[in-house]
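Residue-level listing of the chains:
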Amino acid sequence: MSFRCKISDKRVIERPVLLAPPASTHKYARGSAIVFSGPPLRTGASRLSAQAALTVGAGLVTIVGEYEALKEHAAQVTAIMLREVDPDLAIIDDRVRSALLGPGAGISTRTKEAVLRLLQKGVPLVLDADALTSFELQPSELFGALHDQVVLTPHEGEFARLFPVIDLADRFTAARLAAELSGAVVLLKGAETIVAAPDGRLAVNTYASPWLATAGSGDVLAGLVCGLLAQGSSAFEAACIAAWLHGDIGIRGGPGLTADAMPGLIPLVLAACLDKG
Ligand SMILES: NC(=O)C1=CN([C@@H]2O[C@H](COP(=O)(O)OP(=O)(O)OC[C@H]3O[C@@H](n4cnc5c(N)ncnc54)[C@H](OP(=O)(O)O)[C@@H]3O)[C@@H](O)[C@H]2O)[C@@H](O)CC1
Ligand SMILES: Nc1ncnc2c1ncn2[C@@H]1O[C@H](COP(=O)(O)OP(=O)(O)O)[C@@H](O)[C@H]1O
């Protein structure tokens, strides 16, 4: 595992420690991640996620989608690989260590079916944005298929759609109940980000900045979680570490920060976490 997660006695997430890869590493050893694209003209969100996943240290990141969407990505990315999606998801082979679905995916039956197919693969998975909202009418269908290496990353709007029975007045309790109910790790976004695991673990990230409130910021966060899962972090630790790293991006970025600029700040954030010992 590349990162050591640190959480204080008061459940506050602290600066993680980044361990440099061993000299003998190779890109597959660092972890391969898959990010699902949105349809044509909705590809930006998944691209932000993929850039974050690669920069946070996954050895390879592949954007998977329909041909017309990949043409848009091809005009924008170089290090990130592109593959056409196949109905059986054979793309998720033994070497793939994590996947992300939801940013820009569209709220639809098609997205729901893609989520359920992906969950059957058992790969560590981040479900964000439209992958959550697509289950608004039948959340139990999602909960019945989740496993404990899944991270759900709702903002409060998405949370209320997926967990209408849970009161958001106390966000700690809300996140804890949502993790229990769903059986997945829940990362509840906001000025304070709460991370809850189905086994009762709970942590909060307070190290952040309101400059993070900008379109696509959550897509970057989801990509960070996916990139950390690819490197072997558990779902709970990946969510906690990503929340802290994202907060540091916001603090370093400050005024004028946009989601496009966020992946470019990740190397600075990582350098400050690097174990020099
Ligand atoms: N560059 C790109 O390509 C980008 C693409 N993106 C993609 O766009 C898609 C839609 O995602 P989305 O998050 O914009 O809208 P969605 O969740 O459908 O509804 C929003 C409604 O929810 C409510 N709401 C309540 N609390 C809230 C909160 N804390 N934060 C935010 N909203 C909150 C609020 O309702 P209100 O409270 O105002 O009644 C609001 O009107 C998705 O696929 C995403 O990946 C974006 O990531 C941007 C960059
Ligand atoms: N006031 C704030 N202070 C700190 N972080 C914030 C604040 N508002 C939003 N954020 C962070 O910005 C991100 C916004 O994500 P999200 O709402 O999903 O946006 P998008 O869908 O545009 O990517 C989340 O990680 C959230 O925690």
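Placed above this text is the structure.
This write-up is about the structure you can find in this document. (Residues numbered from 1 in each chain as written. Chains lettered and ligands numbered in written order. Predicted model: local features only at pLDDT ≥ 70, side-chain atom pairs only at ≥ 80, totals over all residues.)

As a further point, take the overall build of the chain. On a plain count of helices and strands, the chain comes out with 11 helices and 11 strands. A compact globule built from 277 residues should have a C-alpha radius of gyration of about 19 Å, and the chain, at 17 Å, falls within 12% of that. Seen through its C-alpha atoms, the chain measures out along the principal axes to roughly 50 × 45 × 35 Å. Split into buried and exposed, the 277 residues of the chain put 51% on the buried side. Long-range pairs, those at least 24 residues apart, make up 68% of the contacts in the chain with a sequence separation of at least 6. (Helix = DSSP H or I, 4+ residues; strand = E, 2+ residues; numbered from the N terminus. Rg over C-alpha atoms; globule rule 2.2 N^0.38 Å. Buried ≥ 20, exposed ≤ 12 C-beta atoms within 10 Å, placed from the backbone. Contact = placed C-beta atoms within 7 Å.)

Time to look at the site of ligand 2. Taken together, 18 residues surround ligand 2, and among them Lys189, Ala191, Leu212, Ala213 and Gly218 come closest. At four residues, the largest contribution of residues to the shell around ligand 2 is made by helix H9 (residues 217-230). Residue composition of the shell around ligand 2, by class: eight nonpolar, eight polar and two charged. (Near = placed C-beta within 6 Å. Nonpolar A, V, L, I, M, F, W, Y, C, P; charged D, E, K, R; others polar.)

Moving on: the packing of H9 against helix H10 (residues 235-253). Contact geometry for H9 and H10: axes closest at 8 Å, N-to-C directions at 135°. Classified by the angle their axes make, H9 and H10 are oblique. Our pair here, H9 against H10, has a crossing hand that is right-handed. Across the interface between the two elements, Val220, Leu221, Leu224, Val225, Leu228 and Leu229 of H9 pack against Ala235, Ala238, Ala239, Ile241, Ala242, Leu245 and His246 of H10. Its residues placed into classes, the contact of H9 with H10 shows 12 nonpolar, one polar and no charged. (Axes fitted to C-alpha atoms, helices over the stretch in contact; angles between N-to-C directions. Parallel < 35°, antiparallel > 145°, perpendicular 65-115°, else oblique. Left-handed = near helix turned anticlockwise from the far one by under 90°.)

Burial along strand S10 (residues 193-196) is two-sided: Thr193 and Val195 and Ile194 and Ala196, pointing in opposite directions, are all buried. Examined bridge by bridge, strand S9 (residues 185-188) and S10 share three bridges and lie antiparallel to one another. Among the inter-strand pairings, Leu188 is bridged to a residue of S10, identified as Ile194. The turn joining S9 and S10, which pair antiparallel and follow one another in sequence, is formed by four residues; a positive phi near 160° is taken by Gly190. Two strands pair when backbone bridges link them, and S10 and strand S11 (residues 202-205) are joined in this way by four bridges, in the antiparallel orientation. (Pairing = 2+ DSSP bridges.)

Before going further, it helps to examine the site of ligand 1. Contacts to ligand 1 come from 16 residues, most closely from Gly44, Ala45, Ala129, His155 and Gly157. Looking at the shell around ligand 1 element by element, the count peaks at three residues for helix H7 (residues 156-162). For the shell around ligand 1, a count of residues per class yields five nonpolar, seven polar and four charged.

Glancing now at helix H4 (residues 109-121). Here H4 spans 19 Å end to end across 13 residues, near enough to the 18 Å set by a 1.5 Å rise per residue. Buried residues of H4: Thr111, Lys112, Ala114, Val115, Leu118 and Leu119, and no others. Projection of H4 onto a plane perpendicular to its axis shows the buried side chains occupying an angular sector of 160°, all on one side. Set apart from the buried face of H4 by more than 90 degrees, the exposed residues are Thr109, Arg110, Glu113 and Gln120. Where the residues of H4 are buried, they touch strand S3 (32-36), strand S6 (96-101), strand S7 (125-128), helix H5 (130-133) and helix H6 (139-143). Where H4 ends, the next residue or the one after it, Gly122, has phi of about 75°, a positive value. (Expected span 1.5 Å × (residues − 1). Arc of directions from axis to C-beta.)

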